[in-house]
Amino acid sequence: MTSPLALLSPADVPSQALASSAAGQAPLAPLAPLANADQVVPLVQGGFSRWVNLDYAASAPALRAVADQLGSVLPLYASVHRGASYASEACTAAYEAARYEVAAFVGARDDDVTIFTRNTTDALNLLASAVPGDVVYLDIEHHANLLPWQARGDRLVPARATLAETLAAVEAELASRPAALLTVTGASNVTGECPPLAQLAAIAHRHGARLAVDGAQLVPHRRVDLRATGADYLAFSGHKVYAPFGAGALIGRRDWLDAAPAYLAGGGAVREVTADGTRWADAPARHEAGTPNVLGALAVATACRVIAALPAGALAAHESALLGRLDAGLAAVGARVLRIWPDAADRVPAVSFTIDGLPAARVAAYLSAEHGIGVRDGRFCAHPLLGRLGCGDGAVRVSLGLGSQADDVGRLIGALAQLRDEGPRWTYGADHRPTPDPRPLPAWANAPSGTAERVTSPCEQ
Ligand code: PMP
């Protein structure tokens, strides 16, 4: 039987990735096999095209190793912690090993706790229920790292024109009144810009506060090390690290999480229940009531293992080479790229832009309909930031990951140049959707009578 946590070796990484990284060159082909390799999508004008997925920041495709791992676990899948069966014991061991593996992947300290959550949003809401004091946060955040604090009446610091001035403003706020926590994004989901975590941790600690990092966009691209940076909490999502099976994690200091009310009340979170009351378990069990998402947790751990097995620096080199091409291409087609700070030194490969005279929704619809290119448009659940950047009507976001390749960027830039020079070849409605849209949805999407009915979200993202 293959152990669900069998170690992946660099042998699982394509040889050209190792070879080119060994030669000091950034490989521009996918760095690790994905479950969606060579997927095609239909085009409005007929025929099919290779799916160019430039929307990793929203949700990344599954790693093949993750899909394979779950396939090998499924025959013995069983409930964890409370079963006496062999399968239950195997799954319990795997689930707890996954916890350990995720903690190791992010450099957790020995006394940190790792709690499996549904995603980053869930992890940050859990943290918000546990902080024993004020929280300081910025207005550039994704709503997941903004609304939980706004709901508590915490203290918002507007970002300043430069990163240096923003750090100074954060420090001034912490110095003016004690706070328990400073929380920041590790990388902006709009611009990819990365604030300096070690510096922020030092600022927070200088004023008696802790630092929480929204790692949703950082963890897929950079090794985050809690011990090395001094960050106290990290939240991230499995689906953004190539493990889209409904689990995420909150890792960090144990004391607040042991003292907080159980995040969900129910089985598994308790030591003893009587008719009169409950003695709650410590974290992590305290905050994992109900049957946990075992497969999701194993998926996250497997993805962490694959990423950890990549040659040192290979992922950053791969993505920054592609980001360089993307920046140059977008400049060449006259796109206005959004940036928060001119002095942010590090960026992960998520780039948002607008093109004069072209609504973002139209650009995104055109790229998908006529070229099979998937991007995101809208306000990216960061309404205050989009407002600050003068993009209340939204922007287009292109994001890359370890499956991206040079051809993806080339296809995007070619399609944008064509749009600029010749306009679209199809017709689009007032809602910017292709009209008509003859692309059938796959049978599993339950398209009524095989037509391209689209389910719309009630909320503009
Ligand atoms: N923070 C950031 C920076 C994000 O980009 C996202 C997802 N777009 C989230 C938090 C929320 O992640 P999730 O939807 O997985 O909870």
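For the structure itself, look to the data block above.
Quick summary incoming for the structure in this document.

Rules of the game
- In this convention, every chain numbers its residues from 1, walking through the sequence in written order.
- Under the rules for a predicted model, residues below a pLDDT of 70 receive no local features and side-chain atom pairs below 80 are neither given nor counted, while totals for whole chains, interfaces and linings still include all residues.
- Excluded from the side-chain calculation are hydrogens and water; included are all heavy atoms of the structure.
- Helix and strand labels come from DSSP, where a helix needs a run of H or I of at least four residues and a strand needs a run of E of at least two; each type is numbered from the N terminus.
- Here the globule rule is a power law, 2.2 Å times the number of residues to the power 0.38, and the radius of gyration is based on C-alpha atoms.
- Burial classification: accessible surface area is computed with a 1.4 Å probe over protein chains only, and a residue below 20% of its type maximum counts as buried, one above 50% as exposed, and the rest as partly exposed.
- Residues are treated as being in contact if the distance between any of their heavy atoms lies within 4.5 Å.
- Per-residue accessibility takes into account occlusion by the displayed protein chains alone, with areas from the Shrake-Rupley method and a 1.4 Å probe.
- Neither His nor the chain ends contribute to the count of charged residues, in which Lys and Arg are positive and Asp and Glu negative.
- Throughout, a charge is located at the NZ atom of Lys, the CZ atom of Arg, the CG atom of Asp or the CD atom of Glu.
- Polar contact is the term for a pair of N or O atoms within 3.5 Å; when the atoms are in protein, one must be able to donate a hydrogen and the other to accept it, and sequence-neighboring residues count only if both atoms are side-chain atoms.
- A carboxyl oxygen of Asp or Glu within 4 Å of a side-chain nitrogen of Lys or Arg is what we treat as a salt bridge.
- Between any two strands, pairing holds if DSSP finds at least two bridges.
- Note on geometry: axes are lines fitted to C-alpha atoms, helical ones only across the stretch in contact, with angles between N-to-C directions running from 0 to 180 degrees.

What the protein chain contains, in helices and strands, is 14 helices and 19 strands. For 461 residues, the compact-globule estimate of 2.2 N^0.38 gives 23 Å, and the protein chain sits close to it at 23 Å. Taking the principal axes of its C-alpha atoms as reference, the protein chain extends roughly 70 × 60 × 50 Å. The buried share of the protein chain, reckoned over its 461 residues, is 53%. Residue pairs in contact within the protein chain that sit at least 24 positions apart in sequence constitute 69% of those at least 6 positions apart. Split by element, the accessible area of the protein chain, about 18800 Å² in all, is 56% carbon and sulfur. Of the charged side chains in the protein chain, 37 are positive and 44 negative; the average position of the first set lies 1 Å away from that of the second.

Right, let's get into helix α4 (residues 120-128). Across the nine residues of α4, seven count as buried, placing the element largely inside the fold. Listing the buried residues of α4 in full gives Thr120, Asp122, Ala123, Leu124, Leu126, Leu127 and Ala128. Of the residues that open α4, the one with a side-chain oxygen 3.2 Å from the backbone nitrogen of threonine 121 is asparagine 119.

This part covers the pattern of salt bridges. Once their charged atoms are close, side chains differing in charge can pair, the charge on each being opposite to the other. Here the structure, examined in full by the defined rule, presents 29 salt bridges. Salt-bridge contacts for aspartate 139 lead to arginine 388; the nearest nitrogen and oxygen are separated by 2.8 Å. With a gap of 249 residues between them, aspartate 139 in the loop between β5 (135-138) and α5 (147-152) and arginine 388 in helix α13 (residues 383-388) connect regions that are remote in the sequence. Residue classification places aspartate 139 among the buried positions, given a relative accessible area of 10%. Among the charged side chains, a salt-bridge network with shared partners connects Arg50, Asp407, Asp408 and Arg411.

Let's shift gears to the sheet that holds strand β9 (residues 210-214). Read across the open sheet, the seven strands follow the order β4-β11-β10-β9-β7-β5-β6; overall the sheet is mixed. If you trace the sheet from one side to the other, it starts and ends with β4 (112-117) and β6 (155-157), each paired once. In this sheet, adjacent strand axes meet at a mean angle of 20 degrees when their direction is disregarded. Relative to β9, strand β7 (residues 181-185) is paired through five bridges, and the arrangement is parallel. Of the residues in β9, the one forming a bridge with threonine 185 is aspartate 214.

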